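# Structural description and commentary
Spelled out, the chains give:
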Amino acid sequence: MTLIEEIKPQQSIELLKHLHILTRDGKINQDSRRKLKQVYHLYQFIEPILKEINLINSNYFVVDHGAGKSYLGFILYDLFIKLTQGKILSIERNKELVFSSEQLAKKFNFERMQFVAADTNQANAFVKENVDIVTALHACDTATDDALHFGLKKEAAWIILIPCCQAEVAKLLKTHKAQSLQNPLAELWRHAIHTRELGSHLTNVLRCLLLESQGYQVTVTELVGWEHSMKNELIIAKKTQQIKGNAKARIEKILGEFNLPELKSKFII
Ligand SMILES: C[S@@+](CC[C@H](N)C(=O)[O-])C[C@H]1O[C@@H](n2cnc3c(N)ncnc32)[C@H](O)[C@@H]1O
């Protein structure tokens, strides 16, 4: 255990203790330090976006998908949202995590933090208002796609994704492997480890193209050093209304080359 020097001065130490990021005596272990670093790095990217949105719409609305213990939501709220009129909704399917997050928000009087125990693919059914920012930090597998599609449907000004494990595309690549092998490109996913890595990479490439095909400007960068997390890709999409002309055609071409016709309905809108 070591004392942490990186904690932001405006951050509630009590909150970090209740989130079990800090121990009762204010210390931190390696795992918690890693989590805090990730969330703080993400905060560096999100803070200017929150400031910009707050100027446009002081009643702005953030929706976080696959929130887990809502570390991101609590830290965004404590550092920024509580000083404004904005609100945040965390969607998480684990009812116990949702219950304990609700209790914690009550304890800290974080009144504009809301939680819902649901599958992310149901978000459209219960969020009726306009949404300004959609986030998904390591929301497993297709929960990231749910967040992306939700953001598109809501025409969110910003969609911020840090994808987690991507099993879906790798599984399809594997299913069609024998059939695909006539194509020399199939060497890219012949070995199991390559199937997994390529599946993951391809998923994020398709996500970016989908966003670009729908009028979003996309920035892809590293969240934190690889020593902190292997799931490290940060996709920041800003709605600009400028559609990348060839994005849709490129998605079609890629799905053709990689023999993934099942994914058309997901990535071509
Ligand atoms: C790896 S954790 C990340 C949690 C949190 N975002 C963080 O970074 O600390 C992924 C969370 O997403 C939730 N999750 C995964 N798929 C989901 C889905 N389809 N709908 C709702 N929650 C989901 C899991 O229950 C889990 O709590």
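Just so it is clear, the structure is predicted and the values come from calculations on it, not from any experiment.

What counts, and at which threshold
Residues numbered from 1 in each chain as written. Predicted model: local features only at pLDDT ≥ 70, side-chain atom pairs only at ≥ 80, totals over all residues. Heavy atoms only, no water. Near = heavy atom within 4 Å. Polar contact = N/O pair within 3.5 Å; in protein donor to acceptor, adjacent residues only side chain to side chain. Areas by Shrake-Rupley, 256 points an atom, 1.4 Å probe, with all protein chains shown as cover. Nonpolar A, V, L, I, M, F, W, Y, C, P; charged D, E, K, R; others polar. Pairing = 2+ DSSP bridges. Helix = DSSP H or I, 4+ residues; strand = E, 2+ residues; numbered from the N terminus. Axes fitted to C-alpha atoms, helices over the stretch in contact; angles between N-to-C directions. Contact = heavy atoms within 4.5 Å. Parallel < 35°, antiparallel > 145°, perpendicular 65-115°, else oblique. Left-handed = near helix turned anticlockwise from the far one by under 90°. Salt bridge = Lys/Arg side-chain N within 4 Å of Asp/Glu carboxyl O. Buried < 20%, exposed > 50% of the residue type's maximum accessible area, 1.4 Å probe, protein only. Right-handed = clockwise from strand over helix to strand, strands pointing away.

### Overview of the site of the ligand
Near the ligand lie 15 residues; those nearest to it are Lys-35, Gly-66, Glu-92, Thr-120 and Leu-137. Interatomic distance of 3.3 Å between a backbone N/O atom of Arg-93 and a nitrogen atom of the ligand. A distance of 2.9 Å separates a nitrogen atom of the ligand from a polar atom in the backbone of Thr-120. In isolation the ligand offers 600 Å² of accessible surface; the protein chains occlude 82% of this area. Taken together, the residues of the shell around the ligand sort by class into seven nonpolar, four polar and four charged.

### Quick word on the sheet that holds strand S3 (residues 113–117)
Taken in spatial order, the seven strands of this open sheet run S3-S2-S1-S4-S5-S7-S6, and their pairing is mixed. Each end of this open sheet is capped by a strand with a single partner; those strands are S3 and strand S6 (216–222). For this sheet, the mean angle separating the axes of adjacent strands, direction not counted, is 15°. Taken together, the five bridges between strand S4 (residues 133–137) and strand S5 (residues 158–162) define a ladder with parallel strand orientation. From the neighbouring strand, Ile-133 faces S5, where its bridge partner is Trp-158. Helix H3 (residues 71–79) rests against strand S1 (61–65), strand S2 (87–92), S3 and S4 of the sheet, and its axis sits at about 170° to S3.

### Considering the packing of helix H7 (residues 167–175) against helix H9 (residues 192–213)
At a closest axis distance of 7 Å, the pairing of H7 and H9 adopts a crossing angle of 125°. Relative to H9, the element H7 is oriented oblique. Remark: the crossing between H7 and H9 carries right-handed chirality. Here H7 contributes Val-169, Ala-170, Leu-173 and Lys-174 to the contact with H9, which in turn contributes Thr-195, Arg-196, Leu-198, Gly-199, Leu-202 and Thr-203. When its residues are assigned to classes, the contact of H7 with H9 shows five nonpolar, three polar and two charged.

### Digging into the pattern of salt bridges
Summed over all chains, the structure comprises 13 salt bridges. Residues Arg-93 and Asp-119 are paired through a salt bridge, measuring 3.7 Å at the closest nitrogen-oxygen approach. Taken together, the residues span a long stretch of sequence, with Arg-93 in the loop between S2 and helix H4 (95–107) and Asp-119 in the loop between S3 and helix H5 (123–126) at a distance of 26 residues. Accessibility expressed as a relative area gives 29% for Asp-119, which makes it partly exposed. Among the salt bridges present, the one from Lys-253 reaches Glu-257, with a minimum N-O distance of 3.6 Å. Taken together, the residues span about one helical turn, with Lys-253 and Glu-257 both in helix H10 (residues 247–257) at a distance of four residues. Its relative accessible area of 56% is what places Lys-253 among the exposed residues. Salt bridges here are not isolated pairs; linked through shared partners, they connect Asp-145, Glu-168, Arg-207 and Lys-266.

### Observations regarding the packing of helix H2 (residues 30–56) against H3
Contact geometry for H2 and H3: axes closest at 10 Å, N-to-C directions at 50°. Judged by the angle between their axes, H2 and H3 are oblique. The handedness of the crossing between H2 and H3 is right-handed. Note on element contacts: H3 touches H2 through Tyr-71, Leu-72, Ile-75, Leu-76 and Leu-79, opposite Lys-35, Leu-36, Val-39, Tyr-40, Leu-42, Tyr-43, Ile-46 and Leu-50. Partitioning the contact of H2 with H3 into residue classes produces twelve nonpolar, no polar and one charged.

### A closer look at the side chain of Lys-87
Checked against the element boundaries, Lys-87 lands in strand S2. Among the polar contacts made by the side chain of Lys-87, one reaches the side chain of Glu-129 at a distance of 2.5 Å. Setting aside anything within four residues of it in sequence, one finds Lys-87 in contact with Tyr-60, Phe-61, Val-62, Ile-81, Arg-112, Gln-114 and Glu-129.

### Thoughts on the pairing of S5
Of all the five residues making up S5, five are buried; the element is thus mostly covered by neighbouring parts of the structure. Going residue by residue along S5, you find Trp-158, Ile-160 and Ile-162 tucked away on one face and Ile-159 and Leu-161 tucked away on the opposite face as well. Chirality of the crossover, the property in question, places the unit of S4, helix H6 (residues 143–153) and S5 among those that are right-handed. Where S5 and strand S7 (residues 233–239) come together, four bridges link them in antiparallel fashion. Bridged to Leu-161 within S7 is Ile-235.

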